[in-house]
Amino acid sequence: MKFEQHLSQQQKQVQKLAMTQQLQQSIQILQYNSEELNAYIETKSLENPLIDLQANTSHSDFTNSGSRTYTNEEYNYLNQIPDDQTSLFEFLIDQIHLNYRDTYLRTLVLFLVEFIDLNGYLTIDLEEAARQTGATAIEMLDALTLIQQLDPAGVGARNLQECLMLQIERDDAAPSLAYIVIEEEFDQLANRKWPSIAKKFKVDLSDIQKIFDYIQTLTPSPGSIFESTSGIYIRPDLTIRTKDRQITVLSNKKGAPKLQFQQAYFERMQAVEDKEVQAYIQEKKNEFEWLEKTIIQRGDTILRVGKEIVERQQAFFFNEDRPLVPMTLREIAETLDIHESTVSRAVNGKYLETSFGVFELRSFFSHGLANESTGEETSTSSVKRQLQRLVDNENKAKPLSDQKIVDLLKEQDIDISRRTVTKYREALGIPASSKRKRYDK
C-alpha cells in the first residue's frame, strides 16, 4: 500500500481593518468635550517631556449655561471664588464648632452630621443612631434639632415634608397657613385636592393657591447649593457671527491650552550617544506631532460639522421663534463624506455660542413629523415649541386640554394626534390640564 502525501502552499490575501491604538485615541479625542480634552492634554504633558503646555489666559469665551457672557469685571469677581469650594459637610462642621459648646450633645451632633447627604437630608434612622451611640431617643432628637437650626434652612430633614416645614419656620414672609397646611395636608396639597383643604381651614381656594405658589419658591435640596457651581460654565467650541443676514461660524480656541515643542530639550537628548535615549526621545517627538495633528483635526471636524448644521438651520438663527427643520446625523455624514459615528462624536458635548444663547450641537438634530394633510415634515422640536407656547399663553383658570391643543395646532397646519400631544407634553414636563389650573381671585 502506498501512502502519498500531497503538500501545497497557497497564498491568501485577507483584507482586515486593524484599529491601532493611535486610531482609538484619535476617536476618543474627537469625542471629548473641552474640559475632558484639556484634562487629557495635561496628562500627556506630564508623561511627555517634549510637550510644553501653555495655558491661554483669555477668559472672554467663558459663558454659563444660562447663555450669558461675563465681562472682565465680572470675571475678576468670579475668579475670587476659591477652587477648593467649601462642602456642605465642612460648612456644617464650622457652624457646630462656632455655635455649640463642647458637650456630650455636641458629640451626638457631630455623629449625625456624618449621615447628612449632599442634598442636606439625614440618612440614618434616629433609633439606629441611638443604638450605635448608646444615647437615648430624646438625646438623639435634641441633637437633630440642633442640626436643623443650622444653615442652610432645611438641612437635617428626614423627608421632603420636614424639609419644607423647616424652611417655612424660618421665613417671616411665609403665608400664615403654609406651615400647618404642609404639616397636616401635605399629600392633599401635592395632589391638588384643594377644595377639601380650603374647607378645612375655612379659606378661599385663592389662599391655597398662594400657599402652593410659595412652596414652589422653596428648595427640596438645601445642600445642593454647595455643589451648584461645579459644571456651570461652558466653553463653546464654535461661535456664530451674523451680519446682513450672513452667518459666519468661527472655531473658538480661546482658553484652550496650547502645545509647544521643547526643541532645546529634544536637541540635548538627541546629542546623547545612547541608542535607548535616542529611541525614547524620537518616540516622544512622534507622540507630540501626532497629538498636535489630532487636536487640529478634531477642531477642523467640529468646525466642518458645525458649518453644515448652521447652513441647514439658518431659520433658527434669524427667526425669533427658532424653528428647526428635520435633520439627521446621516444627512450630515453623507454631505461631508464622513462616517455617521464621526458626526455623533463631533456634536455630543460640543457647544455653539450665539448672541441669544449657547446650544449643544446635537440639539439641532430633530426627526421629522409627517403632516397627514400636507405631506410636509415639521421637526418635533418645532412642534414642542408650539405646544409650549400654547400652554404658556393659556388661560390658567381654564387650561387647555390635550384635545384642545390638537385643535389649535391643526389651525397652524400641524396635524398630530392627541396621543402625540400627550407624549410631547409629558416630555416637556408640562402637567395635565387638571394640574395646571389656578385659583387666583
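Residues numbered from 1 in each chain as written. Predicted model: local features only at pLDDT ≥ 70, side-chain atom pairs only at ≥ 80, totals over all residues. Heavy atoms only, no water.

As named in an unreviewed UniProt entry, the protein is RNA polymerase sigma-54 factor, taken from Candidatus Enterococcus dunnyi. Its UniProt record gives the protein the following Sequence similarities (unreviewed entry) comment, quoted word for word: "Belongs to the sigma-54 factor family." (UniProt positions renumbered as here; feature names shortened; annotations may be inferred.)

Remarks on the pattern of salt bridges
The tally for this structure, following the rule as stated, stands at 20 salt bridges. As a salt-bridge pair, Glu47 and Lys44 come within 3.8 Å of each other at their nearest N and O atoms. Placement of both Glu47 and Lys44 in helix H2 (residues 34-47) is noted, with a separation of three residues, approximately one turn of the helix. Looking at Lys44, the relative accessible area reads 11%, which means it is buried. In this structure, the salt-bridge partner of Asp151 is Arg170, at a minimum N-O distance of 2.8 Å. Of this pair, Asp151 sits in the loop between helix H7 (137-148) and helix H8 (160-170) while Arg170 sits in helix H8, placing them 19 residues apart in sequence. With relative accessibility at 38%, the residue Asp151 sits in the partly exposed group. Through salt bridges with shared partners, a single ionic network connects Lys44, Glu47, Lys284 and Glu287. (Salt bridge = Lys/Arg side-chain N within 4 Å of Asp/Glu carboxyl O. Helix = DSSP H or I, 4+ residues; strand = E, 2+ residues; numbered from the N terminus. Buried < 20%, exposed > 50% of the residue type's maximum accessible area, 1.4 Å probe, protein only.)

Brief notes about the side chain of Thr294
Tracing the backbone shows Thr294 in helix H13 (residues 275-312). Once residues within four sequence positions are removed from consideration, Thr294 is found in contact with Ser26 and Ile29. (Contact = heavy atoms within 4.5 Å.)

Some remarks on the packing of helix H5 (residues 104-113) against helix H6 (residues 126-133)
Two elements in contact, H5 and H6, have axes separated by 11 Å at closest approach and are oriented at 120°. When the interaxial angle is binned, H5 and H6 end up oblique. As H5 packs across H6, the resulting crossing turns out to be right-handed. Two secondary-structure elements touch here, H5 through Tyr104, Leu108, Phe111 and Leu112 and H6 through Leu126, Ala129, Gln132 and Thr133. Of the residues assigned to the contact of H5 with H6, the class counts are six nonpolar, two polar and no charged. (Axes fitted to C-alpha atoms, helices over the stretch in contact; angles between N-to-C directions. Parallel < 35°, antiparallel > 145°, perpendicular 65-115°, else oblique. Left-handed = near helix turned anticlockwise from the far one by under 90°. Nonpolar A, V, L, I, M, F, W, Y, C, P; charged D, E, K, R; others polar.)

Concerning the packing of helix H1 (residues 21-31) against H13
Contact pair H1 / H13: the axes reach a minimum separation of 9 Å and the direction vectors enclose 45°. As far as their axial angle goes, H13 and H1 are oblique. Every pair of crossing elements has a handedness; the one defined by H1 and H13 is right-handed. The residues of H13 that touch H1, namely those facing Gln22, Gln25, Ser26, Ile29 and Leu30, are Trp290, Leu291, Thr294, Arg298, Thr301 and Ile302. Its residues assigned to classes, the contact of H1 with H13 comprises five nonpolar, five polar and one charged.

Some thoughts on unusual backbone geometry
The omega angle of the peptide bond from Asp151 to Pro152 is 0°, so this bond is cis rather than trans. Its location among the elements puts Pro152 in the loop between H7 and H8. Phi is positive for Lys202, which is not a glycine, with a value near 55°. The residue Lys202 is located in the loop between helix H10 (194-201) and helix H11 (205-216) in this model. For Asp413, which is not glycine, the phi dihedral falls at a positive 65°. Residue placement: Asp413 occurs in the loop between helix H18 (402-411) and helix H19 (418-427). Residue classification places Asp413 among the exposed residues on the basis of a relative accessible area of 54%.

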